[in-house]
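Each chain is listed here by its residues.
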Amino acid sequence: MPHSVVVIGNFDGVHQGHQRLLQVARERAHTLAEGGRDLKVIAVTLWPHPMTVFAADRAPRLLTTLDDRLRLLRHYGADEVRVIQFNREVASWSPERFVDTMVRPLNPAVVIVGANFTFGKGARGTGETLRELSGGDFEVQNLGLVSVGGRKTSSSFIRRTLAAGDVATAAHHLGRTFRVTGVVMVGDQRGHTLGFPTANLAISAELATPGDGVYAGWLTPLDEPDAEPLEAAISVGTNPTFDGVERRVESYVVDRTDLHLYGRHIAVDFVEHLRGMARFHDIDELITQMHSDVKRTREVLDATRPTAGVTGAGIPADSWSAQRD
Ligand SMILES: Cc1cc2nc3c(=O)[nH]c(=O)nc-3n(C[C@H](O)[C@H](O)[C@H](O)COP(=O)(O)O)c2cc1C
Ligand SMILES: Nc1ncnc2c1ncn2[C@@H]1O[C@H](COP(=O)(O)OP(=O)(O)O)[C@@H](O)[C@H]1O
């Protein structure tokens, strides 16, 4: 069996730190080429998130689905992804057993992990443990955490910035805009009356969503090959003006009246936070505010327009949540 380059992690969000790991893995795979061929880069990831197994009520809302995680890991450099189904049994493995079962069979020449990586029972194993357990059979490369704008990139930091509505900072750490996907649901049928029809997505209990507020972003139909991202003013919340109870992501595609989006699979990419969600006592005030949101949306997006063939998230359409239906 030829050697491989292995990267291990949760990889939630496949953020800039994860991307760096994959980039270094690709470089090593090239330098260590055997018989004129780069070694295979294998990403090993855990699913579900370990916290789901130990304290489901404290499990984080994830930045992407498993499906998108796999797609993104491949996009950023993995040739192959191995998913370890995480459960109490796997969690109880000693670091030795973890390495013997999950790492050695991949015949790594080098294993690359991030500085905050832990594994094995009680998360006792670290990069250093991995090095001791290698017995010199493979090299262990322990990478420092990537920082963006003076803050260390981590999935939990990105989750916090999203919860606070700071989608621009989340995007800097993700290396692309934060994206929510889903099938357009029927809402309260009020949007058309207000002059702002919105494509509504239900909010998943398992996945992260930006905090309540109004955002500028992009709506991309995923079930239409080569669909261009459309400018959108996005509202996240319960529509407090109308005493709504259900939290939703509602996107108004700027200046379009010809869209039929019910039942369509779409992606919504968040570019910038415009304001907090407000409760208006007069509907005309809401409408006036929405006009100004749309104006601001145009200004923000004109400055960040993605290039052709690239999704609103800033990466090629076929690498990211593409045409799944
Ligand atoms: C750009 C934008 C801004 C919005 N801002 C608010 C707001 O501040 N307060 C509020 O209650 N609803 C807000 N909404 C949500 C509207 O109330 C909602 O889209 C409307 O009630 C239509 O709901 P429906 O899609 O279920 O028919 C906003 C929607 C958009 C598109
Ligand atoms: N510019 C647009 N942006 C978003 N959706 C639009 C637009 N134009 C038409 N639509 C369609 O209108 C529907 C939303 O209408 P709306 O009155 O807001 O009802 P709902 O309460 O179901 O959201 C969307 O699902 C979509 O099919």
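For the chain, an unreviewed UniProt entry supplies the name Riboflavin biosynthesis protein and the organism Propionibacterium freudenreichii subsp. shermanii. Database annotation for the chain, UniProt heading Sequence similarities (unreviewed entry): "Belongs to the ribF family." If you open the UniProt record of the chain and go to Function (unreviewed entry), you find "Catalyzes the phosphorylation of riboflavin to FMN followed by the adenylation of FMN to FAD."

Chemist: What exactly am I supposed to notice about the domain arrangement of the chain here?
Modeler: It is common to report an interface's size as the accessible area lost on association of the parts. For the chain, the domain assignment lists domain 1 (4-145) and domain 2 (178-302). Distance between the C-alpha centres of domain 1 and domain 2: 36 Å. In this assembly, domain 1 packs against domain 2 so that about 520 Å² is buried in total across both faces, 54% of it on carbon and sulfur atoms. On the domain 1 side of the interface with domain 2, the three residues burying the most area are R61, L62 and L63, jointly 76% of the side's total. One can count zero salt bridges joining domain 1 with domain 2. Connecting domain 1 to domain 2 are two residue pairs in polar contact (both at pLDDT 80 or more). Within the side of domain 1 that touches domain 2, the residues separate by chemical class into three nonpolar, two polar and one charged.

Chemist: Explanation requested: the site of ligand 1 in the structure shown.
Modeler: As a structural note, the neighbourhood of ligand 1 is formed by 25 residues, with R190, T198, T241, E250 and A278 the closest of them. A distance of 3.1 Å separates an oxygen atom of ligand 1 from a polar backbone atom of G191. Side-chain polar atom of R248 to an oxygen atom of ligand 1: 2.8 Å apart, as the coordinates give it. In isolation ligand 1 exposes 620 Å². Once the protein is present, 99% of that is buried. Because more than half of its atoms lie within 2 Å of the grid, ligand 1 is assigned to the second largest pocket. For the shell around ligand 1, the secondary-structure elements that each account for two or more residues are α9 (191-194), β11 (230-237), β12 (248-253) and α10 (283-302). Here the shell around ligand 1 is built from residues that sort into eleven nonpolar, eight polar and six charged.

Conventions used here
Residues numbered from 1 in each chain as written. Chains lettered and ligands numbered in written order. Predicted model: local features only at pLDDT ≥ 70, side-chain atom pairs only at ≥ 80, totals over all residues. Heavy atoms only, no water. UniProt positions renumbered as here; feature names shortened; annotations may be inferred. Domains from an automatic or database assignment. Buried area = accessible area lost by both parts, 1.4 Å probe. Salt bridge = Lys/Arg side-chain N within 4 Å of Asp/Glu carboxyl O. Polar contact = N/O pair within 3.5 Å; in protein donor to acceptor, adjacent residues only side chain to side chain. Nonpolar A, V, L, I, M, F, W, Y, C, P; charged D, E, K, R; others polar. Near = heavy atom within 4 Å. Areas by Shrake-Rupley, 256 points an atom, 1.4 Å probe, with all protein chains shown as cover. 1 Å grid on protein atoms, 1.4 Å probe; cavity = no way out; pocket = protein on both sides within 12 Å on 5 of 7 lines; lining within 4 Å. Sits in = over half its atoms within 2 Å of the grid points. Helix = DSSP H or I, 4+ residues; strand = E, 2+ residues; numbered from the N terminus.

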